[in-house]
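If you want the building blocks of each chain, they are given just below.
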Amino acid sequence: MTTVSAVDRWHPSPYAISKAARIIQSGGLVAFPTETVYGLGADALNAEAVKKIYIAKGRPSDNPLIVHVNSILLFKAIVQVNDTALALAKKFWPGPLTLVLPADDIIPSVTRGGLRTAAIRMPDNPVALELIACAGTPIAAPSANLSGRPSPTDADTVLHDMNGRIDMILDGGSTELGIESTVIDVSDPSRILLLRPGGLAAELIEKVTGIKLEIPDELSKKKSPGTHYRHYAPKVPVKIWRKGEPFPSGSGEVAFMGIDDPKGSVLSEPIKYVRKIIFTSTANYAHGLFAGFRKFENENISSIVVQWPDDITGLGAGLRDRILRAAGIER
Ligand code: AMP
Ligand code: MG
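It should be emphasised that the depicted structure is a prediction, and the values quoted were computed from it without experimental measurement.

Where helix H9 (residues 282–296) meets helix H10 (residues 316–326), the axes come as close as 9 Å, and the angle between the chain directions of the two elements is 25°. As far as their axial angle goes, H10 and H9 are roughly parallel. Once H9 is placed against H10, the crossing between them reads as left-handed. In contact with Thr282, Tyr285, Ala286, Leu289, Phe290 and Phe293 of H9, H10 contributes Gly316, Leu319, Arg322, Ile323 and Ala326. Its residues assigned to classes, the contact of H9 with H10 shows 8 nonpolar, 2 polar and 1 charged.

Per the stated rule, a full pass over the model turns up 6 aromatic pairs. Their ring planes at 70° and their centres at 4.6 Å tell us that phenylalanine 75 and tryptophan 93 sit as a pair that is edge-to-face. Residue phenylalanine 75 is found in helix H3 (residues 72–78), and its partner tryptophan 93 is found in the loop between helix H4 (83–92) and strand E5 (97–102); the two are separated by 18 residues along the sequence. Consider the rings of tryptophan 241 and phenylalanine 247, whose centres lie 6.2 Å apart with planes at 55°: the pair is tilted.

Let us now look at the sheet that holds E5. The pairing of strands in a sheet happens through backbone hydrogen bonds and is either parallel or antiparallel. Read from one edge of the open sheet, 10 strands run E1-E8-E2-E3-E7-E4-E6-E5-E9-E10, paired in mixed fashion. Across the chains shown, the open sheet's two edge strands, defined by having one partner strand only, are strand E1 (3–6) and strand E10 (193–196). Looking at chain direction, E5 and strand E6 (residues 117–121) are connected through 4 bridges and run antiparallel. When the sheet's bridge partners are listed, leucine 101 is paired in E6 with alanine 118. The sheet contacts of helix H1 (residues 14–25) involve E1, strand E2 (30–32), strand E3 (39–43), strand E7 (139–140) and strand E8 (168–171), and relative to E8 the element is tilted by about 145°.

Another aspect to go through is the packing of H4 against helix H7 (residues 202–209). Here H4 crosses H7 at 120°, and the two axes come no closer than 10 Å. With respect to their mutual orientation, H4 and H7 come out oblique. By crossing handedness, the relation of H4 to H7 is classed as right-handed. Where H4 abuts H7, its residues Thr84, Leu88, Lys91 and Phe92 lie against Leu204, Ile205, Val208 and Thr209.

What follows is about the environment of proline 138. Structurally, proline 138 is set in the loop between helix H5 (126–135) and E7. Among the residues examined, proline 138 registers a relative accessible area of 2% and is labelled buried. C-alpha of proline 138 to C-alpha of proline 108: the two residues are 30 residues apart in sequence and 12 Å apart in space. Not counting residues up to four positions away in its chain, the partners in contact with proline 138 are Ala42, Asp43, Ala44, Leu45, Val67, His68, Val69, Leu74, Ile78 and Ile132.

With that out of the way, let us pick up the side chain of threonine 98. If you trace the backbone, threonine 98 turns up in strand E5. In this structure, threonine 98 is in contact with Ile66, Ala119, Ile120, Arg121, Ser181, Thr182, Val183 and Ile184, ignoring residues within four places of it in sequence.

For the coordinates displayed, the defined rule picks out 14 salt bridges. With a closest N to O distance of 2.9 Å, aspartate 161 and arginine 294 form a salt bridge. Here aspartate 161 is found in helix H6 (residues 155–162), whereas its partner arginine 294 is found in helix H9, with 133 residues between them in sequence. Taking relative accessible area as the criterion, aspartate 161 reaches 5% and is therefore assigned buried. You can call arginine 294 buried: its relative accessible area is 9%. The structure contains a network of salt bridges with shared partners spanning Glu180, Asp321, Arg322 and Arg325.

On to the environment of leucine 74. Within the secondary structure layout, leucine 74 lies in helix H3. Linking leucine 74 and glycine 136, residues 62 residues apart in sequence, is a C-alpha distance of 9.7 Å. Excluding residues within four positions of it along the chain, leucine 74 makes contact with Val69, Ile132, Thr137 and Pro138.

Another point: unusual backbone geometry. A cis amide bond links tryptophan 93 to the next residue, proline 94, at an omega of -10°. Looking at the secondary structure, you find proline 94 in the loop between H4 and E5.

Cut-off values and rules
Here the residue numbering is sequential within each chain, running from 1 through the sequence in written order. Starting at A for chains and at 1 for ligands, labels are handed out in the order in which the entities are written. Residues qualify for local features only when their pLDDT is at least 70, as the model is predicted, and side-chain atom pairs are given and counted only at 80 or more; totals for whole chains, interfaces and linings, by contrast, use all residues. The basis for every side-chain value is the complete set of heavy atoms in the structure, and neither hydrogens nor water enter the calculation. Fitted lines through C-alpha atoms serve as axes, helices being fitted only where they are in contact, and the angles separating the N-to-C directions of these axes extend from 0 to 180 degrees. Numbering of helices and strands starts at the N terminus; helices are DSSP runs of H or I of at least 4 residues and strands are runs of E of at least 2. Just so you know how the angles are binned, under 35 degrees is roughly parallel, over 145 roughly antiparallel, 65 to 115 roughly perpendicular, and the rest oblique. A clockwise turn of the near helix away from the far one marks a right-handed crossing, whereas an anticlockwise turn of less than a right angle marks a left-handed crossing. Contact criterion: two residues are considered in contact whenever any of their non-hydrogen atoms come within 4.5 Å of each other. Three residue categories are used. Nonpolar comprises Ala, Val, Leu, Ile, Met, Phe, Trp, Tyr, Cys and Pro, charged comprises Asp, Glu, Lys and Arg, and polar comprises the others, including Gly. Any two of the Phe, Tyr and Trp rings considered here, Trp counted by its six-membered ring, make a pair once their centres fall within 6.5 Å; the pair's planes then place it as stacked at under 30 degrees, edge-to-face at over 60, or tilted in between. At least two DSSP bridges between two strands are needed for those strands to be called paired. Between buried and exposed lies partly exposed: a residue is buried under 20% and exposed over 50% of the maximum accessible area for its type, with that area taken using a 1.4 Å probe on protein chains only. Each salt bridge in this description consists of a side-chain nitrogen of Lys or Arg and a carboxyl oxygen of Asp or Glu lying within 4 Å of one another.

This is the structure we're talking about:
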């Protein structure tokens with residue numbers, strides 16, 4: 001049985017938090033809100049507990065987890081922190097930035113997907129931070145969805161995927177950002193590798209460090225195995241529409257999500273797009289993408305057409321990455 005406890009995001013009830021923390025301490029699984037998406041948490045230092053995360057999600061065991069901390073002290077206690085990493089953590093934490101660094105032995109291999117490095121972040125959500133504090137241990141948490149599906153941005157979606165698979169869900173409402181954190185490898189303090197674009201814009205990281213972010217080649221991408229898997233995919237096909245180009249052809253009824261209404265564009269064949277969500281900005285689009293996938297896939301349509309975002313500043317790069325993966329296109 002999975003219990004769901006509603007909590008106030010800003011003032012979570014100590015009762016719900018301590019109940020969830022006891023589950024974490026005894027090796028169980030708790031889903032909780034962060035500012036990006038919902039996480040599926042276990043004690044990051046307990047290998048048996050972490051194994052349960054992979055089982056609950058159906059996640060391949062070589063896809064490492066992000067370890068969540070609530071203090072710089074705890075960060076320093078579990079990975080080898082350098083000056084670049086520390087400067088970034090101090091500037092952007094709590095926030096949607098994950099730092100990959102050489103791991104200390106205290107982090108079990110299963111948490112790291114067998115790698116020598118570990119990925120660490122401090123989430124910007126009082127429920128998440130109090131849970132970590134009360135559990136007294138770092139919490140490993142990937143997104144709280146079945147492997148390959150769109151990440152959950154509210155507790156109902158977590159329950160849909162995880163009912164009966166996990167012990168508890170802390171329902172703190174819908175998440176602010178809607179896409180996952182930016183993951184960078186800072187193992188070498190003079191170089192920064194962008195492993196996954198996400199909630200924190202690359203240009204902000206470059207501004208603070210003065211270091212140009214490197215896009216990893218195929219070899220170093222293998223160091224972040226999870227980035228290879230098909231991800232974020234709704235049950236119906238996803239097609240991409242670029243503004244100014246013909247609307248993708250297809251039969252049947254389609255749903256559309258994007259910033260510009262495509263109704264003026266040349267249609268290559270008669271298409272009924274029966275549902276649409278028009279977003280007001282790139283950030284608004286990122287916030288609604290996964291929720292839109294989840295909504296439309298249940299509405300008896302043949303495909304979901306999404307607009308290719310023109311703007312790659314801010315959340316644009318992360319949004320492009322999620323769209324390509326949902327459409328099954330490798331970066
Ligand atoms: P998720 O928690 O589902 O958002 O996935 C976390 C992602 O973080 C993984 O798919 C990896 O791409 C990345 N990641 C986690 N740990 C590491 C690591 N030690 N080295 C490189 N990438 C990592
Ligand atoms: Mg995920």
